Amino acid sequence: MRDLNSEDGLVVDARGMACPMPIAMLARALRPLAPGARVRLLATDAAVVPDLQAWSAATGHLLRGVAPREGVWIALIEKRRV
């Protein structure tokens, strides 16, 4: 889970937003990126965890990890060829 703490790369800050906004913001951020690019998603809505699992399974993007830290869910997503 070391990658989740990395400050490198693009961060999508969806704190304070409810479903479906965190996923919509993430999808929009990934669109222009090359395969292999990683994005960190910050969200406070606990529903983001099952939403991310379902979304990544449906889209083919890789959910590399998700963990809570100080009331914020931090997820690392890697863009795959889709």
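Before any of the text, the structure's been laid out above.
Residues numbered from 1 in each chain as written. Predicted model: local features only at pLDDT ≥ 70, side-chain atom pairs only at ≥ 80, totals over all residues. Heavy atoms only, no water.

Undergrad: I keep staring at helix α1 (residues 21-30) and nothing clicks. Help me out?
TA: Think of an α-helix as turning once every 3.6 residues; residues three or four places apart then point the same way. Every buried residue of α1 is accounted for by P22, I23, M25, L26, A29 and L30. An end-on view of α1 places all buried positions within 165° of arc, on one side of the element. Where α1 is buried, its residues touch β1 (10-14), β2 (38-43), α2 (48-59) and β4 (72-78). (Buried < 20%, exposed > 50% of the residue type's maximum accessible area, 1.4 Å probe, protein only. Helix = DSSP H or I, 4+ residues; strand = E, 2+ residues; numbered from the N terminus. Arc of directions from axis to C-beta. Contact = heavy atoms within 4.5 Å.)

Undergrad: For this particular structure, what's the right way to read unusual backbone geometry?
TA: Glycine aside, residues mostly have negative phi angles, and peptide bonds mostly take the trans form. Here the bond from C19 into P20 is cis, since omega is 10°, no more than 30 degrees from zero. A positive phi angle, near 55°, is found at E70, a position not held by glycine. Looking at the secondary structure, you find E70 in the loop between β3 (62-69) and β4.

Undergrad: When you look at the pairing of β1 in this model, what are you seeing that I'm missing?
TA: Across 5 bridges, the pairing between β1 and β2 is parallel. Residue L10 lies in a different strand from β2, and its bridge partner there is V39. In the classification by handedness, the crossover that spans β1, the intervening α1 and the parallel β2 is right-handed. (Pairing = 2+ DSSP bridges. Right-handed = clockwise from strand over helix to strand, strands pointing away.)

Undergrad: Help me understand the pairing of β3, please; the structure alone is not making it clear to me.
TA: Regular strands place side chains that alternate from one sheet face to the opposite one. Alignment of β3 against β4, held across 7 bridges, turns out to be antiparallel. Bridge pairing links L62 to E78 in β4. In textbook terms, the turn of a hairpin is the stretch between consecutive antiparallel strands, and for β3 and β4 this stretch comprises 2 residues, one of which, E70, has a positive phi near 55°.

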